[in-house]
Amino acid sequence: MSKIATGPFPTYRPRRLRQSAALRRLVAETHLSASQLVYPLFARGGRRLRKPIGAMPGVFQLSLDELLKDAEAAFKVGVPAVLLFGIPDRKDTKASGAYARNGIVQQAVRLLKKELPGLMVITDVCLCEYMSHGHCGIVEHHHGHAHVANDATLKLLARTAVSHAEAGADIVAPSDMMDGRVAAIRRALDTTGLSETPIMSYAAKFASAYYGPFREAAESTPKFGDRRSYQMDGANANEALREVAMDIHEGADIVMVKPALAYLDIIHRVKQTFGYPTAAYNVSAEYSMIKAAAANGWVDERAVTLETLLAMRRAGADIIITYSACDAARWLKQG
Ligand SMILES: [Zn+2]
């Protein structure tokens, strides 16, 4: 334990620096700013479609014309980046829609980069939304037992990342948790002339009940089993550090911890250990819980949301992916 310098009372009085808002701001150790926020968006086919997600008030599946409006609103209020998820018209067992040249995410990327070139577009690279069975990789059956095949999946993930980058994505973000996927994606990008495209890896992604509402939003609930054979066990912090080390070694430029609120210690350890640009995903149920409590008048939505996001920053997150990005940016502007 390091020795913390402090004078003895009454020479030192911590309350001296808490006397006014200006003074408190002057000595604040952590700052939350709109420039650190990423806004997730769910793209689907159709026109003038704005389908609400029941468990996530204020979040919608959007047709591209509507998606453009929300991306523009986010950009205008100071949010620098969006994270795209796609809901395809058709699903199969090869996730064809994930890497189709005219897939829903590829179309969304092209549209956003054309209409809002200053907005950064990050794409979620995974297969679950495009698989008829809803798992993040290719499913093989051995003796009546279903298994998500790691190495066979890597090729499809790499193909997906390349197709997103070719469409113009500024950053690709693999979220599948297959072993070796960052290396496979880096290699594929480098050999197709996309060596400047950064990878933000979901490095320590835990199997979590906090993803519940998201599955409705992304329509990605597994049809059988769960994701515990590839996402991490919530009990493990040292393993999280190994996962992050591995992704950095394989070429990740930004590492992410997901979820955020129940894993603030992991965010802290990752930032302390590696000093890498670190992202935290403020996931769906973290958002829904505040929304539900606020709707009942039990908490002050603005105050609780900003305090929660500040806690993620204080834990060590440089970047926060949050469904509250636009609200938070607006509130921060109001001061
Ligand atoms: Zn997935």
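These notes cover the structure that comes with them.

## Some thoughts on the pairing of strand β5 (residues 120-125)
Extensive coverage of β5 is indicated by the burial of five of its six residues. Relative to β5, strand β4 (residues 81-87) runs parallel, the two being bridged by four bridges. Looking across to β5, one finds that Ala 81 is bridged to Met 120. With four bridges joining them, β5 and strand β8 (residues 171-174) adopt parallel strand pairing. Paired with Ile 122 across the two strands is Ile 171, which belongs to β8.

## Details of a nonpolar patch on the surface
A grouping of Leu 17, Leu 26 and Val 27 is seen on the molecular surface, where their side chains present a nonpolar patch of about 290 Å² in accessible area. Note on placement: Leu 26 falls in helix α1 (residues 21-26). Using a relative accessible area of 68% as the deciding quantity, one classes Leu 26 as exposed.

## Focus: the coordination of the zinc ion
The coordination sphere of the zinc ion contains the protein donors Cys 126 (SG), Cys 128 (SG) and Cys 136 (SG), at a distance range of 2.3 Å. Every donor residue of the zinc ion comes from the same chain, spaced as C-x1-C-x7-C.

## Details of the environment of Ala 43
Locating Ala 43 in the fold gives a position in strand β1 (residues 37-44). Taking the C-alpha atoms as reference points, Ala 43 and Pro 8, separated by 35 residues in sequence, lie 58 Å from one another. Each residue touching Ala 43, except ones within four places of it in the same chain, is listed here: Leu 62, Leu 64, Leu 67, Phe 85, Gly 86, Ile 87, Ile 104 and Ala 108.

## Describing the nonpolar core
Grouped together as the largest cluster of nonpolar side chains are 85 residues, with contacts concentrated most on Leu 67, Leu 84, Leu 112 and Ile 266. Examining the composition of this core, we find that eight residues originate from one element, helix α5 (residues 150-167), more than from any other. Residues Leu 83, Ala 173, Ala 279 and Ile 319 belong to the second largest nonpolar core, which totals 27 residues.

## Remarks on helix α11 (residues 301-315)
With 15 residues, α11 ought to run about 21 Å at 1.5 Å a step, and its terminal C-alpha atoms sit 21 Å apart, in line with that. The complete set of buried residues in α11 reads Thr 305, Leu 306, Thr 308, Leu 309, Ala 311, Met 312, Arg 313 and Ala 315. Buried positions along α11 lie against α9 (264-274), β11 (278-282), α10 (284-295), β12 (319-322) and α12 (325-334). Regarding α11, its N-cap is Asp 300, as a side-chain oxygen of that residue lies 3.2 Å from the backbone nitrogen of Arg 302 further along. In the stretch just after α11, Gly 316 is the one whose phi turns positive, near 135 degrees.

## Points about the packing of aromatic side chains
Per the stated rule, a full pass over the model turns up eight aromatic pairs. Summarising the aromatic geometry, the rings of Phe 42 and Tyr 323 are spaced 6.4 Å apart at their centres and angled 10 degrees between planes, so their arrangement reads as stacked. In this pair, Phe 42 is assigned in strand β1 and Tyr 323 in the loop between β12 and α12, connecting sequence segments 281 residues apart. Residue Phe 42 shares its accessibility class with Tyr 323, and that shared class is buried. Considering the side-chain rings of Tyr 281 and Tyr 323, the 6.1 Å spacing of their centres and the 50 degrees angle between planes classify their relative orientation as tilted. Taken together, the positions of Tyr 281 in strand β11 and Tyr 323 in the loop between β12 and α12 put the pair 42 residues apart, joining distant regions of the chain. Among the aromatic side chains, those forming a connected cluster through ring pairs are Phe 42, Phe 85, Tyr 202, Phe 214, Tyr 281, Tyr 287 and Tyr 323. Over the ring of Phe 60 we find Arg 50; its NZ or CZ atom is 5.1 Å from the centre of that ring.

## Things to note about a positive patch on the surface
A cluster of basic residues, Arg 13, Arg 15, Arg 16 and Arg 18, forms a positive patch at the surface. Tracing the sequence through the fold places Arg 18 in the segment before α1. When its relative accessible area of 51% is taken as the criterion, Arg 18 is described as exposed.

## Considering helix α2 (residues 64-76)
Over its 13 residues, α2 extends 18 Å from the first C-alpha to the last, a length consistent with the 18 Å expected when each residue adds 1.5 Å. All buried positions along α2 are accounted for by Leu 64, Glu 66, Leu 67, Leu 68, Asp 70, Ala 71 and Ala 74. Buried residues belonging to α2 abut β1, β2 (50-52), β3 (60-63), β4, α4 (104-115) and α12. Within two residues after α2, Gly 78 carries a phi angle of roughly 105 degrees, on the positive side.

## A word on the side chain of Gln 231
The residue Gln 231 is located in the loop between α7 (212-218) and α8 (238-250) in this model. When its relative accessible area of 6% is taken as the criterion, Gln 231 is described as buried. Beyond its immediate chain neighbours, meaning those up to four positions away, Gln 231 contacts Met 177, Lys 205, Phe 206, Ala 207, Ser 208 and Tyr 211.

Conventions adopted
Residues numbered from 1 in each chain as written. Predicted model: local features only at pLDDT ≥ 70, side-chain atom pairs only at ≥ 80, totals over all residues. Heavy atoms only, no water. Buried < 20%, exposed > 50% of the residue type's maximum accessible area, 1.4 Å probe, protein only. Helix = DSSP H or I, 4+ residues; strand = E, 2+ residues; numbered from the N terminus. Pairing = 2+ DSSP bridges. Patch = residues over 30% accessible without salt bridge, like charges linked within 9 Å, V, L, I, M, F, W, Y side chains within 5 Å. Areas by Shrake-Rupley, 256 points an atom, 1.4 Å probe, with all protein chains shown as cover. Salt bridge = Lys/Arg side-chain N within 4 Å of Asp/Glu carboxyl O. Donors = N, O, S within 2.8 Å, 3.2 Å for Na, K, Ca; no water. Contact = heavy atoms within 4.5 Å. Core = buried A, V, L, I, M, F, W, Y, C linked by side-chain atoms within 4.5 Å. Expected span 1.5 Å × (residues − 1). Polar contact = N/O pair within 3.5 Å; in protein donor to acceptor, adjacent residues only side chain to side chain. Phe/Tyr/Trp six-rings, centres within 6.5 Å; stacked < 30°, edge-to-face > 60°. Lys NZ or Arg CZ within 6 Å of the ring centre and 35° of its normal. Lys, Arg positive; Asp, Glu negative; His and termini not counted. Charge placed at Lys NZ, Arg CZ, Asp CG, Glu CD.

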